[in-house]
Amino acid sequence: LLFVDGLSEKEELVTEIVGSKLGSIPLVGGSSGDGLRFKKTYIYFKGQMLQDVAVVIFVTTYIPFKVFKTQHFNGSEVKFVITESQPEKRLVFEINGEPAAKAYAQAIGVAVEDLNSKIFAKYPLVLKVADSYHVRSIQSSNADFSLKFYCAIENGLVLSLADKNDIIDSTLNYFKNIEEKLQEITCSLLFECVLRRLEVDEMSVEEKRKLYSIYSGINGVGFHTYGEQYGSVHVNQTLTGVVFGPIR
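This write-up is about the structure you can find in this document. Keep in mind that what you see is a predicted model, and the values were worked out from it rather than measured. (Residues numbered from 1 in each chain as written. Predicted model: local features only at pLDDT ≥ 70, side-chain atom pairs only at ≥ 80, totals over all residues. Heavy atoms only, no water.)

Glancing now at the nonpolar core. Core analysis: the biggest nonpolar cluster contains 22 residues, and Ile 95, Tyr 104, Leu 115, Leu 125, Leu 147, Phe 149 and Leu 159 have the highest contact counts within it. Those elements that place two or more of their residues in this core are β7 (73-86), β8 (91-95), α2 (100-108), α3 (117-122), β10 (125-129), β13 (147-149) and β14 (158-164). Take this core: its biggest share by element is six residues, from α2. The next biggest cluster of nonpolar side chains, apart from the first, holds 16 residues, and it includes Ile 185, Ile 214, Tyr 215 and Ile 218. (Core = buried A, V, L, I, M, F, W, Y, C linked by side-chain atoms within 4.5 Å. Buried < 20%, exposed > 50% of the residue type's maximum accessible area, 1.4 Å probe, protein only. Helix = DSSP H or I, 4+ residues; strand = E, 2+ residues; numbered from the N terminus.)

The following block contains the structure:
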């Protein structure tokens, strides 16, 4: 398990280094948050609340388990080329040669001044790597029309506006498949992106009930994150974690 300070901007580096050294040992975790204030985030370790740190926990168990990552996004035909950025700060100044926030707002049909965390959760961007799409979530829009991201970004990357599947159906089917392989899910440790939570907040009461019943059905516990770790990759707007099979 890997837990990283969510404002350290070092998740990619730490996850890649740790993941590359583990061999066949699966890695999963999350980045700490502070309720979308983006001021101070901490990792609790040996009785202290620490900043700019990461904690790796090695766990061994006789209980069958599966480390997982699930999301409900694919790519659309709407493309964004990063034409000016500051990678070390995760800042994008230009998209398609235009001020980043303006280009993004125009593409999704909202005013620049209306950009906020709920909008970013509703209209995420994705990067295609091989045959998989990885969400590149936006954290904030700035006065200079730049966009701050939750994850690594650089010049030349081609992102797509995400095409969403139904979050309830995709989550339910995902855990059904895991349960068939494990025979039973007794409990789960979950790390859910805060932007995914914001998306859920916009759902109807009945939709929320259905989704939360899925989490209850797998005895899920965990926390909301500023990004998730899976394998040697730092990801966004996903649900990652560990599900445990029957205890015998």
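Now that the structure has been shown, the text picks up again.
So, on to the sheet that holds strand β16 (residues 220-225). Strand order in the open sheet formed by four strands is β6-β19-β15-β16, with mixed pairing between adjacent strands. At either end of the open sheet lies a strand with only one pairing partner, and these are β6 (65-70) and β16. Adjacent strand axes in the sheet meet at a mean angle of 10 degrees when their direction is disregarded. Alignment of β6 against strand β19 (residues 239-244), held across six bridges, turns out to be antiparallel. Bridge pairing links Lys 66 to Val 243 in β19. Running over the sheet, helix α4 (residues 167-182) touches β6 and β19 and is turned about 165 degrees from β6. (Pairing = 2+ DSSP bridges. Axes fitted to C-alpha atoms, helices over the stretch in contact; angles between N-to-C directions. Contact = heavy atoms within 4.5 Å.)

One pass over the full model with this rule turns up 12 aromatic pairs. Summarising the aromatic geometry, the rings of Phe 3 and Phe 191 are spaced 5.7 Å apart at their centres and angled 75 degrees between planes, so their arrangement reads as edge-to-face. Here the residue Phe 3 occupies a position in strand β1 (residues 2-4), and Phe 191 occupies one in strand β15 (residues 187-193), the gap between them amounting to 188 residues. Look at Phe 191 and you get buried, because its relative accessible area is 1%. Centre to centre, the rings of Phe 38 and Tyr 226 are 5.1 Å apart; their planes meet at 35 degrees, and the pair counts as tilted. Taken as a pair, Phe 38 in the loop between β2 (28-31) and β3 (43-45) and Tyr 226 in the loop between β16 and β17 (228-230) lie far apart in primary sequence, 188 residues in all. Of the residues examined, Phe 38 reaches a relative accessible area of 22% and is grouped as partly exposed. The class for Tyr 226 is buried, based on a relative accessible area of 1%. Members of the aromatic cluster, joined through ring pairs, are Phe 3, Phe 191 and Phe 223. (Phe/Tyr/Trp six-rings, centres within 6.5 Å; stacked < 30°, edge-to-face > 60°.)

What follows deals with the pattern of salt bridges. Under the counting rule described, the total for this entry stands at eight salt bridges. One salt bridge in this structure joins Glu 12 and Arg 90, with 2.7 Å as the shortest N-O distance. Taken together, the residues Glu 12 in helix α1 (residues 11-21) and Arg 90 in the loop between β7 and β8 connect sequence positions 78 residues apart. Note on accessibility: Glu 12 and Arg 90 belong to one class, buried. Among the charged side chains, a salt-bridge network with shared partners connects Glu 11, Glu 12 and Arg 90. (Salt bridge = Lys/Arg side-chain N within 4 Å of Asp/Glu carboxyl O.)

Strand order in the open sheet formed by five strands is β5-β1-β2-β17-β18, with mixed pairing between adjacent strands. On the outer flanks of this sheet lie β5 (54-56) and β18 (233-235), each paired with one strand and no other. Going across the sheet, the axis of each strand differs from the next one's by a mean of 20 degrees, ignoring polarity. Bridging between β1 and β2 involves three bridges; their strand directions are parallel. From the neighbouring strand, Val 4 faces β2, where its bridge partner is Ser 31.

This brings us to helix α6 (residues 205-217). Two residues of an α-helix separated by three or four positions point the same way, owing to the 3.6 residues in each turn. Under the 1.5 Å per step criterion, the end-to-end length of α6 is 18 Å for 13 residues, consistent within 8% with the ideal 18 Å. Buried residues of α6: Leu 211, Ile 214 and Tyr 215, and no others. Summarising the axial view, the buried residues of α6 lie within an arc of 100 degrees, below the 170-degree limit, and thus occupy one face. What points out from α6, more than 90 degrees from its buried face, is the exposed set Val 205, Ser 216 and Gly 217. Taken together, the buried residues of α6 touch α4, β15, α5 (194-201), β16 and β19. Asn 219 sits one or two residues past α6 and shows a positive phi near 50 degrees. (Expected span 1.5 Å × (residues − 1). Arc of directions from axis to C-beta.)

Next up on the list: the environment of Val 200. Assignment of secondary structure puts Val 200 in helix α5. Distance from Val 200 to Arg 136, taken between C-alpha atoms, is 18 Å for residues 64 residues apart in sequence. Filtering out sequence-adjacent residues up to four positions away, Val 200 remains in contact with Ile 167, Lys 208, Leu 211 and Tyr 212.

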